[in-house]
Amino acid sequence: MGAIDLSLLALFVPTFFFVSVTPGMCMTLALTMGMSYGVRRTLWMMVGELAGVALVAVSAVAGIAAVMLQYPAAFQLFKYLGGAYLAWLGVQMWRARGGMAMVPAEEGEAPAPPRRALATQGFVTAVANPKGWAFFIALLPPFLNDSSPLAPQLAMLVAIILLLETLCLLIYATGGSTLSHLLHRGENVRLVNRIAGTLMLVVGGWLAFG
């Protein structure tokens, strides 16, 4: 017998695909960055987000969530900082004048953040997302078999979660990039910037106060 029962696995995959594909903080961030910076640049955010998701999944099973609940002020500060950075990005997108925010060719356009900043923001958004903690704490333990070694089961489930999360992030980022290209005409460029900026502000507020 493998590390996890196949009948449980058949239930696990659609359950967590639905959890991942449901519009949420991380998916909205992928959509917005895909619209503003393109799919290739958004991949750096995805790397950080996936690292954060893996950390949250393992921590939820290991019980670190209980420790975080004992220090809500530190967790809230973490959320505020991540939300403030996203809000700052949203303001930069709103201030972009003539060209797309992803192409900082002229004065007044919002430059794309560095790769490390994108990865860090993806990580912070995943780790500071209360919805992610709630889903993993509620949904992940029932798929673990107490009579089998924990590590192989957890490794397999986390790997599947990351594959599903990657697929959903790519779907959202590609959708944002496609929308951006459809509207990438002179009179629509400012509209795209402002849509993306508004979405980024929404995600920032969502992260800080959600």
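This text goes with the structure placed above it.
Residues numbered from 1 in each chain as written. Predicted model: local features only at pLDDT ≥ 70, side-chain atom pairs only at ≥ 80, totals over all residues. Heavy atoms only, no water.

A count of helices and strands for the chain gives nine helices and zero strands. Across the 210 residues that make up the chain, the buried fraction comes to 44%. Sequence separation of at least 24 residues holds for 85% of the intrachain contacts in the chain that already meet a minimum separation of 6. Per element, the accessible surface of the chain, about 10,500 Å² overall, is 71% carbon and sulfur. (Helix = DSSP H or I, 4+ residues; strand = E, 2+ residues; numbered from the N terminus. Buried < 20%, exposed > 50% of the residue type's maximum accessible area, 1.4 Å probe, protein only. Contact = heavy atoms within 4.5 Å. Areas by Shrake-Rupley, 256 points an atom, 1.4 Å probe, with all protein chains shown as cover.)

Time to look at the environment of R115. Mapped onto the fold, R115 is located in helix α6 (residues 115–127). The class for R115 is partly exposed, based on a relative accessible area of 47%. When the C-alpha atoms of R115 and L43 are compared, they prove to be 9.1 Å apart, with 72 residues separating the residues in sequence. Here R115 is in contact with R41 and W44, once residues within four sequence places are set aside.

This next bit is on a nonpolar patch on the surface. Together, L77, Y80, L81 and F209 make up a nonpolar patch on the protein surface, roughly 470 Å² of accessible area in all. Ranked by the residues each element gives to the nonpolar patch, the list is headed by helix α5 (residues 72–95), at three residues. Examined against the element boundaries, F209 turns out to sit in helix α9 (residues 189–209). A relative accessible area of 65% places F209 in the exposed class. (Patch = residues over 30% accessible without salt bridge, like charges linked within 9 Å, V, L, I, M, F, W, Y side chains within 5 Å. Salt bridge = Lys/Arg side-chain N within 4 Å of Asp/Glu carboxyl O.)

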